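Observations on the model geometry
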Amino acid sequence: MMDRTETGVGQVKIASGLNILFGLWLIIAPFLLSYSAMRAAMWDDIIIGAVILVLAWVRVANPARYTWLSWSNVVLGLWLIAAPFVLGSASVTAALWNDIIVGVIVASLAIWSAFSTRTISHA
């Protein structure tokens with residue numbers, strides 16, 4: 001039976017590990033979903049995807065530390081939801097829905113990761 005610390009570590013690793021995958025997805029999505037001609041949307045997804053990936057990677061490597069990185073990914077997830085409207089790419093359905101859906105998922109996973117840190121013993 002796993003104790004609370006092992007459970008918390010596992011949850012941080014799962015949530016942040018999934019965010020690594022979503023960061024990778026954001027980097028390649030403009031090309032796979034054919035909105036790379038929209039430069040602002042493309043570069044936003046590439047840059048935000050890379051940052052999400054790196055922050056989540058650090059959390060996977062250090063599940064008991066750096067909770068603020070998960071909270072940073074929450075903010076980036078919320079930015080993804082707003083980005084199509086701010087950057088003017090909301091008229092491109094693929095860019096709009098990709099950013100909204102991935103933003104909700106990234107923010108949700110990051111919240112899970114952040115709150116799971118509380119169950120990790122720091123002894």
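Every chain is numbered independently, its residues counted from 1 as its sequence is written. Totals for whole chains, interfaces and linings use every residue, but because this is a predicted model, local features are given only for residues with pLDDT of at least 70 and side-chain atom pairs only at 80 or more, for both listing and counting. Side-chain numbers here rest on the full set of heavy atoms in the structure, without hydrogens or water.

1. Quick word on the side chain of Ser70
Strands are runs of DSSP state E lasting at least two residues, helices are runs of H or I lasting at least four, and both sets are numbered from the N terminus onward. Its location among the elements puts Ser70 in helix H3 (residues 67–87). Definition of a polar contact: a pair of N or O atoms within 3.5 Å, with one able to donate and the other able to accept a hydrogen when the atoms are protein atoms, and with sequence-neighbouring residues admitted only if both atoms are side-chain atoms. Within the local environment of Ser70, its side chain forms a polar contact with the side chain of Arg59, the two groups lying 2.8 Å apart. Sequence-distant contacts of Ser70, that is, excluding residues within four places in its chain, are made with Ser16, Arg59, Ala110, Ser113 and Ala114. In this description, contact between two residues means that some pair of their heavy atoms is separated by no more than 4.5 Å.

2. Side note on a nonpolar patch on the surface
The grouping of Ile14, Leu18, Leu21, Leu24 and Trp112 at the surface amounts to a nonpolar patch, some 450 Å² of accessible area in total. The biggest single contributor to the nonpolar patch is helix H1 (residues 4–32), with four residues. Residue placement: Leu21 occurs in helix H1. We call a residue buried when its accessible area falls under 20% of the maximum for its residue type, exposed when it is over 50%, and partly exposed in between, using a 1.4 Å probe and counting protein chains only. When its relative accessible area of 52% is taken as the criterion, Leu21 is described as exposed. Residues form patches when they are more than 30% accessible in relative terms and have no salt bridge. Like charges link within 9 Å. Nonpolar side chains (Val, Leu, Ile, Met, Phe, Trp, Tyr) link within 5 Å. All accessible areas in this document rest on Shrake-Rupley with a 1.4 Å probe, and a residue is counted as covered only by the protein chains that are shown. By definition, a salt bridge exists where a carboxyl oxygen of Asp or Glu is found within 4 Å of a side-chain nitrogen of Lys or Arg.

3. Digging into empty space enclosed by the protein
Cavities and pockets are defined on a 1 Å grid built over the protein atoms alone: a cavity is a set of grid points where a 1.4 Å probe fits but cannot escape, while a pocket is an open set with protein on both sides within 12 Å along at least five of seven lines, and lining residues are those with an atom within 4 Å of any such point. Grid points are joined across faces, edges and corners, and a volume is the space filled by probe spheres set on the points. In the structure shown here, the tally under the stated rule is one cavity of 30 Å³ or more. Here the largest cavity is characterised by a volume of approximately 40 Å³. If you trace the largest cavity, you find it lined by Ser16, Asn19, Leu55, Ala56, Arg59, Leu69, Ser70, Asn73, Ala110 and Ser113. Residue assignment for the lining of the largest cavity shows that the elements contributing at least two residues are H1, helix H2 (39–61), H3 and helix H4 (93–116). Classifying every residue of the lining of the largest cavity gives four nonpolar, five polar and one charged. Basically, the charged four are Asp, Glu, Lys and Arg, the nonpolar ten are Ala, Val, Leu, Ile, Met, Phe, Trp, Tyr, Cys and Pro, and anything else, Gly included, counts as polar.

4. Structural notes on the nonpolar core
Burial of nonpolar side chains together is a common tendency in soluble globular proteins. Definition used in this section: a nonpolar core is a set of buried Ala, Val, Leu, Ile, Met, Phe, Trp, Tyr and Cys residues joined via side-chain atoms within 4.5 Å. By size, the foremost hydrophobic cluster in this structure holds nine residues: Leu26, Ile48, Ile52, Leu55, Leu69, Leu76, Leu80, Val102 and Val106. Taken together, the elements giving at least two residues each to this core come down to H2, H3 and H4. Excluding residues that lie within four positions of it along the chain, Leu26 makes contacts with Asp45, Ile46, Gly49, Ile52, Leu80, Asn98, Asp99 and Val102.

Purely geometric stuff here, so don't read any function into it on its own.
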